[in-house]
Amino acid sequence: MEKLTYRQKKRLVTSVCAFLAVLLAAVLLFLMRDYNKKQREESSRLFLEDIEQYEASKEKMEYGDDKDALLTRKQQKYDVYQKLKEHLQVNILFLGDDIASGAGVSSSENNWVMLVANAIEKKYGSDIKGGTYAKPDTSAFYGYHIMNSYSRGLTYDIMIVAYGSEDDPETFEFYYDGLMHSIKNQNPKCEIYCIIEARTDGENENAEKIREICDYYGGIVIDMNEYYAEHGLKAESLTSDGKIPNVAGCTKYYDAVTEVIDYCFEADRRVPSVKTTRLESSRAFDNYNYTMIADMKKISDTVYETSVNGSIAALVYFKSFSGGNINIWVNGKKTITESNVLSENVTRTIASRVISSELDGVTKIRIETDDVSNVSNILGVAYCGEKK
């Protein structure tokens, strides 16, 4: 083997030294980045602690030993994760269609919305107030109506919204965006979880709009199709009809939702505020009104009349085995004939039908049933929009 010359040896040593220098520099750079990352995390933690200590000191100075006043302030100011941390009351509302209604289980105790509410109360020690108003075959506008008419005077910390499986894709964006706008407008610190159901026939036609709208309003999308795929689950064995979760499916919905809540709690998430609306048309949802049939003008035993002032109006009614046809007249013109007959002899269920989303100011609406017995199935007319 030929010996290296002095010059070759010198070059080799220089190359090895250069390589080692680069390697050492890379290692040092990595260590510095890791150190800086830890320093930033520590600084962030200390900053949050300082803020918390400052807030606690400020509260002590402002409220002294007045515990009731301090508790009221925290209930108004804190978001859900701060309330869970201090075991304060949490107000929660479930809105949705078949997916959240418990239609796939025989007992409400097995419905995933009840499992979620009970789990929050048990794990975090917070008193849970609110309820579930999810009903089969309902749409996003019905959720808007329920949120406004049955809010019980509560400001909500969590709303879990499961619409889209029954909504018309042609109008879904308009009503879902209006619902989300209304939620954040009335409940600025509310955390919204938007559910996309798992189904055997492919993705919900409205899924992409749900993601887009939920993201804009600072909500969190819980896509059960993705959850099932990540956990190797098949929707076929977890639904009662291809989309409505059965008992086993409800446990998976419960798992998915509570995992997100736990993660956000551990990550010390703060609920984002939203000061703008995604669609200008959603401002029509700011003015909610509701006229019950008892407050309408009775024209005859089967005909009732009322006037609304806004741009959107919807009939709220019961579907019943003993129902019939409901005729709706707008400004003297017959516009809609709605059947409220259930095909099976089951307990009557609530429903809504949008009369129009293009009304112009004061509008006369007449409700006509085909039989006097069907009048008891009419609840009223919900409407909203700019008054003229």
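Use the structure listed above.
Remember, it's a predicted structure, so these values are computed and weren't measured experimentally.

Q: If you had to explain the environment of Asn-111 to someone new, which residues and values would you point to?
A: Mapped onto the elements, Asn-111 comes out in the loop between α4 (98-101) and α5 (112-124). Spatially, the C-alpha atom of Asn-111 lies 8.7 Å from that of Pro-245, the residues being 134 residues apart in sequence.

Q: For the environment of Val-316, give the residues involved together with the corresponding values.
A: Among the structural elements, Val-316 can be located in strand β9 (residues 312-319). Along the sequence, Val-316 and Ala-351 sit 35 residues apart, while their C-alpha atoms lie 5.9 Å from each other. Sequence-distant contacts of Val-316, defined by excluding residues within four places in its chain, comprise His-145, Tyr-290, Ile-350, Ala-351, Ser-352, Ile-378, Leu-379, Gly-380 and Ala-382.

Q: Please set out the sheet that holds strand β1 (residues 90-96) residue by residue, giving values where relevant.
A: Here we have 5 strands laid out as an open sheet, ordered β2-β1-β3-β4-β5, and parallel in their pairing. Lying at the two open borders of the sheet, with one neighbouring strand each, are β2 (128-132) and β5 (220-223). Strand-to-strand, the axes of this sheet are offset by a mean angle of 15 degrees, without reference to chain direction. One ladder, built from 4 bridges, connects strand β3 (residues 158-162) with strand β4 (residues 191-196); its direction is parallel. Bridge pairing in β4 places Ile-160 opposite Tyr-193. Sheet contacts for helix α10 (residues 247-266): β3, β4 and β5; angle to β5, the most-contacted strand, approximately 150 degrees.

Q: Account for the packing of helix α6 (residues 140-149) against helix α7 (residues 172-186), naming residues and giving values.
A: At a minimum axis distance of 8 Å, the contact between α6 and α7 shows a crossing angle of 20 degrees. By the angle between their axes, α6 is roughly parallel relative to α7. The handedness of the crossing between α6 and α7 comes out as left-handed. Contact residues: α6 offers Ala-140, Phe-141, Gly-143, Tyr-144, Met-147 and Asn-148, while α7 offers Tyr-175, Tyr-176, Leu-179, Ser-182, Ile-183 and Gln-186. Its residues assigned to classes, the contact of α6 with α7 comprises 8 nonpolar, 4 polar and no charged.

Rules and cut-offs
- Numbering of residues begins from 1 in every chain and follows the order in which that chain's sequence is written.
- Where totals are concerned, whole chains, interfaces and linings use all residues; where local detail is concerned, this predicted model gives features only for residues with pLDDT of at least 70, and gives and counts side-chain atom pairs only at 80 or more.
- Values reported for side chains reflect all heavy atoms of the structure, with hydrogen atoms and water molecules removed beforehand.
- By the criteria applied, helices consist of DSSP H or I runs no shorter than four residues and strands consist of E runs no shorter than two, each listed in order from the N terminus.
- Every residue pair with non-hydrogen atoms within 4.5 Å of one another is taken to be in contact.
- Two strands pair under a simple rule: DSSP has to find at least two bridges between them.
- Helix axes are fitted to C-alpha atoms over the stretch in contact, other axes to C-alpha atoms as well, and angles between N-to-C directions run from 0 to 180 degrees.
- In these notes the angle categories are as follows: under 35 degrees is roughly parallel, over 145 is roughly antiparallel, 65 to 115 is roughly perpendicular, and the rest is oblique.
- Crossing handedness is defined as follows: a turn of the near helix away from the far one that is anticlockwise and smaller than a right angle gives a left-handed crossing, while the clockwise case is right-handed.
- Basically, the charged four are Asp, Glu, Lys and Arg, the nonpolar ten are Ala, Val, Leu, Ile, Met, Phe, Trp, Tyr, Cys and Pro, and anything else, Gly included, counts as polar.

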